[in-house]
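Report on the structure
Take a look at the letters that make up each chain.
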Amino acid sequence: YQEQVMQIVQAIGGFSLGGADLVRRAMGKKIKEEMDRLKGEFVKGAEAKGLNGQKADDLFELIVKFAGYGFNKSHSAAYAYVTFQTAYLKAYYPAEFMAALLTSEESNVDKIVRYIDEIKRINIDTLPPSINKSTKEFSVVKNGEHDGIIFGLGAIKGVGGAAIENIIAERDAKGEFKSMDDFVSRIDPFKVNKKVFESLIKAGCFDEFGFSRKMLLQNVENIVEACKNAAQIRKNAAESLFGDDESMGTVKTNLVNDSSELELKTKLKFELESVGIYLSGHPLDEYREQISKIRYTLSDKFDELPENGEMLLVGKIEDLTTRISKKNGKKMGTIEMLDLYGTVEIAVFDRQLGAVESMSPDERDLPHVFKVRYSKDGQFMRINLDKILSLEEAANMDFSHPLEKFKEQIEQIKHTPSKDFGKIDKTSE
């Protein structure tokens, strides 16, 4: 590598370390005049050491030739080494590796969704956050006989660092929280406030206490009040003769009993709101069988598409925003569509915009098929809506590649010597 070039010119040409670095820099920048000058110094230095000048000249030419790829070679070796380490970790410690990957991107929902899809592919369970099991980061826990990756508290929106530190510190100091009463009696209400409670409940952190999320959300004011009362009792107890008695700070939370649970649709909505993805299921789960009959493109396959073309997307409308185009003064909109992988933005115009605007909330919750045109410009992908179809309509459409029906003949041609092309039937030809 370049470091060995520096050693060569130092040992043979008598260069100082600083002079050897000048050779390295001239090589990297391919400055011919500078290299010619340094070559002369190298040969003179070699001869001064009693070495063969012609061989020194030949050696320097080899160095110049090496300069053409030495910089790339060193980078390739370094990246190959890191790639090997990464592949090793994923192969032998897949749960730990994927947990670290999730933690590194915990604020990037698109990356989280992609990594969780990979986690499912390699048969590792993804577990919702837990008030007793979750750390700040994503971590590995035993789930039956297998490893599972549990969501970190740091991935929950609305739960700040101070609240997380308070919860984990209290748990580390005195053990797991045994109940909701135990939790509110021990944590700091100034750090774990109403907003934090709501986010924790929506993410399912308290499910292990046996209460429904609906009941806890209905009682969030009572929970916060009990938390404040416990803090006041602890403060008063600290100044009393019985300050060391832990039972002095224990309170009973006044929960209005309701055993019913949120509708799945609402539950999923709250999970999306708090952690950015669906944990208890997916809004399109009940339609998977119907969707499987359609030849469509998932949003995680966009990188594999050619620069432009047409495709079918399947999903539900999460949101619609409209504005007036500065270009022509006409109304246009952007659909945020959710498919089985993630969300996609689709530009919509004219008649199709009116059709979307006229949909009721219930209609938008149903999956639709979007026939779209797309174009790529570097990392940016523009998608325009052509038509919205029902699942039934799309199932009967042949939206395969134009050459799909000639697949067998194409395979035959690929393996046929050119001299035998005349033997292939005219359709294939």
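Heads up: the structure comes first, above all this text.
Residues numbered from 1 in each chain as written. Predicted model: local features only at pLDDT ≥ 70, side-chain atom pairs only at ≥ 80, totals over all residues. Heavy atoms only, no water.

Let us look at unusual backbone geometry. Non-glycine residue Asn123 carries a positive phi angle of around 60 degrees. Considering the arrangement of structural elements, one finds Asn123 in the loop between helix 7 (109-121) and strand 1 (125-127). Backbone geometry at Asp350 places phi at a positive 45 degrees, although glycine is not the residue there. Mapped onto the elements of the fold, Asp350 is located in helix 15 (residues 350-357). What makes Asp350 exposed here is its relative accessible area of 54%. (Helix = DSSP H or I, 4+ residues; strand = E, 2+ residues; numbered from the N terminus. Buried < 20%, exposed > 50% of the residue type's maximum accessible area, 1.4 Å probe, protein only.)

Under the definition given, this model contains 27 salt bridges. Between Glu34 and Arg37 there is a salt bridge whose closest N-O contact spans 2.8 Å. One end of the pair is Glu34 and the other is Arg37, both in helix 3 (residues 32-48) and three residues apart, which spans about a single turn. Residue Glu34 is classed as partly exposed on the basis of its relative accessible area, which comes to 24%. Take Arg37: its relative accessible area is 40%, and that puts it in the partly exposed class. In this structure, the salt-bridge partner of Asp285 is Arg288, at a minimum N-O distance of 2.9 Å. Within the structure, one salt-bridge network assembled from shared partners comprises Glu170, Lys174, Asp182 and Arg186. (Salt bridge = Lys/Arg side-chain N within 4 Å of Asp/Glu carboxyl O.)

On the secondary structure map, Ser199 appears in helix 10 (residues 194-203). Aside from chain neighbours lying at most four places away, what touches Ser199 is Ile156, Lys157, Gly158, Val159 and Ser274. (Contact = heavy atoms within 4.5 Å.)

This structure, assessed with the given rule, holds ten aromatic pairs. Pairing Phe66 with Tyr69 gives two aromatic rings, centres 5.2 Å apart and planes at 70 degrees, and the pair type is edge-to-face. Given a relative accessible area of 14%, Phe66 falls into the buried group. Residues Phe183 and Phe197 carry aromatic rings whose centres are separated by 5.9 Å and whose planes lie at 85 degrees to one another, so their mutual orientation is edge-to-face. One end of the pair, Phe183, is in helix 9 (residues 180-186); the other, Phe197, is in helix 10, with 14 residues separating them in the sequence. For the residue pair Phe183 and Phe197, the accessibility class agrees, reading buried in each case. Taken together, the aromatic side chains of Phe177, Phe183, Phe197, Phe206 and Phe209 make up a single cluster linked through ring pairs. (Phe/Tyr/Trp six-rings, centres within 6.5 Å; stacked < 30°, edge-to-face > 60°.)

Another aspect to go through is the pairing of strand 6 (residues 343-349). Consecutive residues of a regular strand have side chains that alternate between opposite faces of the sheet. Pairing geometry for strand 5 (residues 331-338) and strand 6, over seven bridges, is antiparallel. Note on strand 6: the bridge partner recorded for Leu338 is Thr343. Here strand 5 hands over to strand 6 after four residues, the two strands then running antiparallel side by side. (Pairing = 2+ DSSP bridges.)

By volume, the largest pocket is sized at about 1,300 Å³. As for the largest pocket, its lining consists of 42 residues, and the residues nearest its centre are Val113, Ser299, Tyr341, Gly342 and Thr343. Those elements giving two or more residues to the lining of the largest pocket turn out to be helix 7, strand 1, strand 5, strand 6 and strand 8 (380-389). Looking at which element gives the most residues to the lining of the largest pocket, the answer is helix 7, with eight residues. For the lining of the largest pocket, a count of residues per class yields 19 nonpolar, nine polar and 14 charged. For the second largest pocket, the calculated volume is near 560 Å³. Lining the second largest pocket are 22 residues; nearest its centre among them are Lys265, Pro283, Lys316, Glu318 and Asp365. Of all elements in the fold, only helix 13 (264-275), strand 4 (308-324) and helix 16 (361-365) reach the threshold of two or more residues within the lining of the second largest pocket. Broken down by element, the residue count for the lining of the second largest pocket peaks at six residues, all from helix 13. (1 Å grid on protein atoms, 1.4 Å probe; cavity = no way out; pocket = protein on both sides within 12 Å on 5 of 7 lines; lining within 4 Å. Points joined across faces, edges and corners; volume = space filled by probe spheres on them. Nonpolar A, V, L, I, M, F, W, Y, C, P; charged D, E, K, R; others polar.)

Don't take any of this as a statement about function, it's just geometry.
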